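Residue-level structural notes
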Amino acid sequence: MSDHIVKAFDEELQTLKNMLARMGGLAEEELARAIDAISRRDGALADQVIASDAQVDALEREVEERAILVIARRQPMASDLREIMVAIRVSSDLERIGDFAKNIAKRTHAVSEDYPRRVMTGITRMGSLALEQLKDVLDAYVQHNEAKALEVWRKDEELDALYNSIFRELLTYMMEDPRTIGLCTHLLFAAKNIERIGDHCTNIAENVYYLVHGHPLTAERPKGDVTSITPMVTPEK
Amino acid sequence: MDTKPTLITPANPAIMQARPVKVRARHVNVFYGDKHAINDLSIDIPDRAVSAFIGPSGCGKSTFLRCINRMNDTIPTARVEGAITVDEQDIYDRSLDVVQLRANIGMVFQKPNPFPKSIYENVAYGPRIHGLAATKADLEGIVEKSLRRAGLWDEVKDRLQSPGTGLSGGQQQRLCIARAIAVDPEVILMDEPCSALDPIATARIEELIDELKQNYCIVIVTHSMQQAARVSQLTAFFHLGNLVEAGDTDVIFTNPQDRRTQDYITGRFG
């Protein structure tokens, strides 16, 4: 799109975009390191992740302040207004993603030596899929690429399916050996956190669609998370 | 005359669904000598609503506004082609009384232009020459009602005999609006009515426009996009003599369909 007559307006919008790019980078890194920390049970790395989340939080506040200033100063219209509204929403999604990553990192300390290896494989797989989703949706956002955003939006179903299978698996472990309940609950929360990160990626995807088209995406997203309606069944002896 | 809108996008603005058409223009072309000022313009303007014309200087928005009450007739080199109707009545019909037309279609200008007479006379003049008041009491009633509608009564009721030109700019503009509505028009045309006013006086006029739209068809030309967004229900964007896009104001300012509209309202026009 061509430039504004008032150059300072362009600069203000560019600053917002740069801040969002930085936030996205930080959130990606935080998630990657959180998954790494919990799967290798690396407490020191987990602590770094926990500390780094403050940066993402601070950036979210700054994005909001700057966005409000731009609105007050420029009274943006049409695509400019959408750009600013979407920046506020995306920054809030990224802030939540950072929180979830931090929460995963925190659970590293609770994972003891004798955790079921296979479950951790599942968490790692979920983690890398979520990371890929986050990376793709951030690219789609920067490029205003609505097709790519929709791809992310649809692909979230896979993450949900993966979460379902981990959920069932962990239930089985807990029922077989009640001593693992504490550990498995932590892992269950970690998996749920990753699943939620996926949902925030779809929020961002929907915002990219809105940014490009000027009206919200109204279609129903394919959903694969059925754990909230899965009854707990005692395995047959 | 074909009554289908030819240039309205999206095809059916919500405001046109909700209100009858008051002013209908079809294939209007305006020339000033050799200069082609308006090119094949068709639009429907709703009754009891505010329609805003926006666009860069020289885009034809004021020229078109002046076609609606035949103000262009006063310019010798001006030539208007096509059809404009108000309530389905052709306003360029040769048998039409232009003086009566201009009473039906009031106009408020950029610079407040009260007559060099008293506040009372400014408002009373129109109804008197159009024979709208039978008695002095009638006339006083019309003056008071018009000044009240224009939101000016409380400020001037104790000095109706003072000169209209002694009022502040914002008050003068409201006096001009009172003068326009005193002859009981159906359409009010406003050509940048707030551009000479401070923000407080502007807000008063905008509040007034908002009230007047209950009873009148109002068309406003404005250079302030924010004003168009604030006061109007229909917005038409003009560029180089063409009507580029007309539609619900809410849509034009959030999601315009034409690239030129988008560039203009976001401040990207060269």
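I will try to describe carefully the structure that is included in this document.

Basis of the calculations
- Residues numbered from 1 in each chain as written.
- Chains lettered and ligands numbered in written order.
- Predicted model: local features only at pLDDT ≥ 70, side-chain atom pairs only at ≥ 80, totals over all residues.
- Heavy atoms only, no water.
- Helix = DSSP H or I, 4+ residues; strand = E, 2+ residues; numbered from the N terminus.
- Rg over C-alpha atoms; globule rule 2.2 N^0.38 Å.
- Contact = heavy atoms within 4.5 Å.
- Areas by Shrake-Rupley, 256 points an atom, 1.4 Å probe, with all protein chains shown as cover.
- Lys, Arg positive; Asp, Glu negative; His and termini not counted.
- Charge placed at Lys NZ, Arg CZ, Asp CG, Glu CD.
- Buried < 20%, exposed > 50% of the residue type's maximum accessible area, 1.4 Å probe, protein only.
- Pairing = 2+ DSSP bridges.
- Axes fitted to C-alpha atoms, helices over the stretch in contact; angles between N-to-C directions.
- Buried area = accessible area lost by both parts, 1.4 Å probe.
- Salt bridge = Lys/Arg side-chain N within 4 Å of Asp/Glu carboxyl O.
- Polar contact = N/O pair within 3.5 Å; in protein donor to acceptor, adjacent residues only side chain to side chain.

Next up on the list: the overall build of chain B. Across its full length, chain B holds 11 helices and 10 strands. Relative to the globule expectation of 18 Å for 270 residues, the C-alpha radius of gyration of chain B, 18 Å, shows essentially globular dimensions. Its C-alpha atoms give chain B principal-axis dimensions of roughly 55 × 45 × 35 Å. In chain B, the proportion of contacts linking residues at least 24 apart, taken out of those at least 6 apart, comes to 68%. Total accessible area on chain B is roughly 11700 Å²; 50% of this is exposed by carbon and sulfur atoms. Computed over 30 positive and 33 negative side-chain charges, the inter-centroid distance for chain B is 3 Å.

Once that is clear, we can look at the environment of B:I43. All names here are of chain B. Looking at the secondary structure, you find I43 in strand β2 (residues 35-46). Here I43 falls in the buried class, since its relative accessible area comes to 1%. Those residues in contact with I43 that lie beyond four places of it in its chain are V23, R24, A25, R26, F53, F64, L234, A236, L243 and A246.

Residue and element names in this part refer to chain B. Read from one edge to the other, the open sheet built from six strands follows the order β6-β7-β8-β3-β9-β10, with strand pairing classed as mixed. Each edge of the open sheet carries a strand with a single partner, namely β6 (105-108) and β10 (242-248). The mean inter-strand angle of the sheet, taken between neighbouring strand axes irrespective of direction, is 15 degrees. Across four bridges, β6 lies against strand β7 (residues 187-191) in parallel orientation. Across the sheet, residue G106 finds its bridge partner in β7, namely I188. Those strands touched by helix α2 (residues 61-68) are β3 (50-54), β6, β7, β8 (217-221) and β9 (234-239), and its axis lies near 150 degrees from that of β7. Contacts between helix α8 (residues 199-212) and the sheet are confined to β3, β7 and β8, with β8 contributing the most and set at about 150 degrees to the helix.

Another aspect to go through is the interface of chain B and chain A. It is common to report an interface's size as the accessible area lost on association of the parts. Contact with chain B, which involves 15 residues of that partner, is made by 15 residues of chain A. Around 1200 Å² of area is buried between chain B and chain A when both sides are counted, 48% of it from carbon and sulfur atoms. In terms of surface lost to chain A, no three residues of chain B exceed B:Q226, B:N255 and B:R268, which account for 42% of the buried area on that side. B:R268 serves as the salt-bridge partner of A:D80, at 3.1 Å between the closest nitrogen and oxygen. Our count for the chain B to chain A interface comes out at 10 residue pairs in polar contact (both at pLDDT 80 or more). Per-element accounting of the side of chain B that touches chain A gives the leading share, four residues, to helix α11 (residues 259-265) of chain B.

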